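Coordinate inspection notes
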Amino acid sequence: MRVIVIGAGVAGSAAALALRHIGAEVTVYEAYADPAGDVGSFISLAANGLRGLEALGCLPRVQRLGVALPRQRMWSASGRLLGDVPRGRRGDDPLHSVTLMRGALVEALRAAAAEAGAEIVTGERLTGVTEAPGAVTAGFLDGRRDSADLLVAADGIWSLVRGVLDPAAPRPRYAGLYCVSGVSADARGLGVEPGVFNMTFARNGAFIHLAAGDGTVWWSAQIADPRQPRLDDAAEAGAGWLRETAALYRREPVPSAVLAAAVGTHPTVLMHALGPVPTWHGGRSVLIGDAAHPVGAGQGASMAVEDALVLAAALRGRAPSDVPGALARYDAARRPRVTRLLGAAKDNREAKKAGPVARRAQAAAMRLFLPLFYDRSTAWLHGHDPAVVVG
């Protein structure tokens, strides 16, 4: 079977690797010269995603690139501890959540896919997709065309293929949050405990920080603002965003101290939401990752890895003529789990935008709920093993 993958980010690289494991001939097309790039900041992999990486054979490589975070602590704006729970795992799971830079994860997965025999072509921007009964053809901006038995669209939240499959598909919208992220010096001096993912529900949005392996602090301010800010690409933009962010968090002691020690920022990112996508596949094209379901809630990368494994499992041993049936099986296997997570992701976004009254109610609920029910309520998510699906 010959497969075209559009996008060499987390989802596309994981899909290429999983499909090589079942013997497919894979060519990945990526619009950017460097698909790792300077996009976003750090991302996390929960235990379910890490088990997926283990099935793909690249778990140790990814673990070496990041920092293990066994615990997650939630804090009120005033600094009161709201909850201390296992981070992205069940309490008895020895596999600890890993946080690493997005670019490092992409590079690791892309290298593993290439080593497994996938061809990765960069600088090729998709312009159209045409399906026929026995093949699917991708067209690119420079006039190049390529045909295969299957096209896997891992082209992100702004997916072109999603619109080809369903012109009435929902479009991304600004979610009322934008993200300013960066690095601060001297984790020890700031009193940031290693191995802990900290989230403060501050007055102007959630603030995340953690101790990195090199003694620095990685931080991300997820700022609530109903008005979509304009992003400035000028060289001095990072300093301006840092000043504005520091002013917004000046009343929260810990975030304020972390921001005061900042030594660099990453490009500011707008957060978008996407309504449920009713059409995930055609006869020979399928959406995976953010193209089908941007989930957030610390599960974006893990869900992309799960998608890749389940798609490969649906295609294993199938003839090219059975691709349409395999895509239907993939949809049926993935949609219930993803739909459940999308509800949790929406709640997660709203919690970060809560006003003063809602924040107080939220804090009270967390102090009561987290010690008693967190592990049980998230077992379906973190305890999942995509390797079982793969068999």
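On a predicted model such as this, the values are computed, not experimentally measured, just so you know.

This part covers the sheet that holds strand β11 (residues 145–148). Reading across from one edge, β9-β10-β11 is the order of the 3 strands in this open sheet, with antiparallel pairing throughout. Looking at strand neighbours, the two that pair on one side only are β9 (126–132) and β11, the edges of this open sheet. Between one strand axis and the next, the sheet turns by 20° as a mean value, whatever way the strands run. Bridge count between strand β10 (residues 135–140) and β11: 4 bridges; the pairing is antiparallel. Across the sheet, residue T137 finds its bridge partner in β11, namely S147.

Bringing the packing of helix α1 (residues 10–21) against helix α9 (residues 300–315) into the picture now. Interhelical geometry of α1 versus α9 gives an angle of 30° and a closest axis separation of 8 Å. Classified by the angle between their axes, α1 and α9 sit roughly parallel to one another. Crossing of α1 against α9: the hand is right-handed. Here V10, A11, A14, A15, A18 and L19 of α1 lie close against α9, whose contacting residues are A301, A304, V305, A308, L309, A312 and L315. Taken together, the residues of the contact of α1 with α9 break down into 13 nonpolar, no polar and no charged.

So, about the pairing of strand β15 (residues 205–211). Counting buried positions over the 7 residues of β15 gives 7, a clear majority of the element. The pairing of strand β14 (residues 196–202) with β15 spans 5 bridges and is antiparallel. Directly across from F201, in β15, lies its bridge partner A206. What sits between the antiparallel neighbours β14 and β15 is a turn of 2 residues. Here β15 runs beside strand β16 (residues 217–224); their pairing, made up of 7 bridges, is antiparallel. Along β16, the bridge assignment pairs G205 with I223. Connecting β15 to the antiparallel partner β16 that follows it, the hairpin turn spans 5 residues, and G215 within it adopts a positive phi of roughly 90°.

Rules of the game
- Residues numbered from 1 in each chain as written.
- Predicted model: local features only at pLDDT ≥ 70, side-chain atom pairs only at ≥ 80, totals over all residues.
- Heavy atoms only, no water.
- Pairing = 2+ DSSP bridges.
- Helix = DSSP H or I, 4+ residues; strand = E, 2+ residues; numbered from the N terminus.
- Axes fitted to C-alpha atoms, helices over the stretch in contact; angles between N-to-C directions.
- Parallel < 35°, antiparallel > 145°, perpendicular 65-115°, else oblique.
- Left-handed = near helix turned anticlockwise from the far one by under 90°.
- Contact = heavy atoms within 4.5 Å.
- Nonpolar A, V, L, I, M, F, W, Y, C, P; charged D, E, K, R; others polar.
- Buried < 20%, exposed > 50% of the residue type's maximum accessible area, 1.4 Å probe, protein only.

Purely spatial values, then, with no claim about function.
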